[in-house]
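Each chain, letter by letter, is given below.
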Amino acid sequence: MGFVDRPGQRRHPIGCHSAAMKADLHSYLKGGRDALLWKLDGVSEYDIRRPLTRTATNLLGLVKHSAAMEILYFGVVFGRPFEQDLPYVGDGAETNADMWATADETREEIVVLYRRAIAHADATIEALALDEVGGVPWWGDEAVTLHQVMVHVIAETQRHAGHADIVRELIDGAAGLLPGNDNLPPADESWWLDHRQRVEQAALDASKRSN
């Protein structure tokens with residue numbers, strides 16, 4: 001039996017049984033969570049909150065949203081409510097309220113909330129089989145399995161980790177996949193400046209040819 005490296009820096013045997021499949025899925029989920037939290041390190045109070053896109057994408061908001069997502073999909077869907085009601089989650093919540101942090105919400109509070117939401121989600125993942133069925137109220141009570149939910153939340157979390165990667169690079173140029181594994185070519189700043197100019201020149205040349 002062979003082995004495959006996983007994004008969460010774990011190694012699992014290749015197998016079809018549900019325990020190995022769940023461990024594999026869980027590893028991808030943990031890798032996305034770790035990447036998202038890492039993007040907050042070393043960022044000022046202003047930069048961690050300020051919007052960097054037209055739709056106001058910001059680092060702390062991505063973490064706040066991801067906390068709400070874990071609470072909903074691994075809590076509400078399987079009848080395992082979270083210990084705390086959040087005003088920006090569920091019916092009656094202000095539009096996009098989970099996508100940014102108010103001045104009164106501290107970085108520490110949101111990070112702690114995310115870690116608590118993760119612990120709650122992990123308890124659900126450990127307790128239930130992959131074929132356990134739940135219902136998604138915001139999908140018209142559609143029946144889903146834990147397997148489907150894990151795939152969905154992995155996709156969402158990794159997507160938002162990608163958002164955070166770009167936002168962080170816009171703030172201070174920092175980039176990379178995970179602590180200890182940035183997954184970038186081993187190059188210095190001058191190489192990156194030359195590379196960027198090369199890509200820019202290719203874009204200009206292609207634009208001229210299309211006119």
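Up top is the structure these notes are about.
The structure reproduced in this document is the subject of the present report. Predicted, not measured: the structure shown is a model, and the values here were computed from it.

Some thoughts on unusual backbone geometry
- Backbone geometry places Ala-56, a non-glycine residue, at a positive phi of 70 degrees.
- Residue classification places Ala-56 among the partly exposed positions, given a relative accessible area of 35%.
- A positive phi angle, near 60 degrees, is found at Asn-183, a position not held by glycine.
- If you trace the backbone, Asn-183 turns up in the loop between α4 (146-172) and α5 (189-210).

Details of the environment of Gly-61
- Positionally, Gly-61 belongs in helix α2 (residues 59-74).
- For the pair Gly-61 and Asp-98, spaced 37 residues apart in sequence, the C-alpha to C-alpha distance is 6.6 Å.
- For Gly-61, the residues in contact, after removing those within four places along its chain, are Asp-98, Met-99 and Trp-100.

Some details on helix α1 (residues 18-38)
- Here α1 contains 21 residues, and its C-alpha end-to-end distance of 30 Å stays within 8% of the 30 Å for a straight helix at 1.5 Å per residue.
- Regarding α1, the residues found buried are Ala-20, Lys-22, Leu-25, His-26, Ser-27, Leu-29, Gly-31, Gly-32, Arg-33, Ala-35, Leu-36 and Leu-37.

Quick word on the packing of aromatic side chains
- Scanning the model with the defined rule gives 3 aromatic pairs in all.
- Ring geometry for Tyr-73 against Trp-138: centres 5.3 Å apart, planes inclined by 85 degrees, an arrangement best described as edge-to-face. Separated by 65 residues along the polypeptide, Tyr-73 in helix α2 and Trp-138 in the loop between β3 (133-136) and β4 (142-145) bring together distant segments of the chain.
- Overall, the relative accessible area of 8% leaves Tyr-73 in the buried class.
- Lys-64 extends its terminal NZ or CZ atom over the ring of Tyr-88, reaching a point 4.2 Å from the ring centre.

Thoughts on the pairing of β3
- Of the two faces of β3, the one lined by Gly-134 and Val-136 is fully buried and the one lined by Val-133 and Gly-135 carries no buried residue.
- With 4 bridges joining them, β3 and β4 adopt antiparallel strand pairing. Residue Gly-135 lies in a different strand from β4, and its bridge partner there is Ala-143.
- With antiparallel pairing between neighbouring strands as the criterion, β3 and β4 make up a hairpin whose turn holds 5 residues, including Gly-140 at a positive phi of roughly 70 degrees.

Conventions adopted
Residues numbered from 1 in each chain as written. Predicted model: local features only at pLDDT ≥ 70, side-chain atom pairs only at ≥ 80, totals over all residues. Heavy atoms only, no water. Buried < 20%, exposed > 50% of the residue type's maximum accessible area, 1.4 Å probe, protein only. Helix = DSSP H or I, 4+ residues; strand = E, 2+ residues; numbered from the N terminus. Contact = heavy atoms within 4.5 Å. Expected span 1.5 Å × (residues − 1). Phe/Tyr/Trp six-rings, centres within 6.5 Å; stacked < 30°, edge-to-face > 60°. Lys NZ or Arg CZ within 6 Å of the ring centre and 35° of its normal. Pairing = 2+ DSSP bridges.

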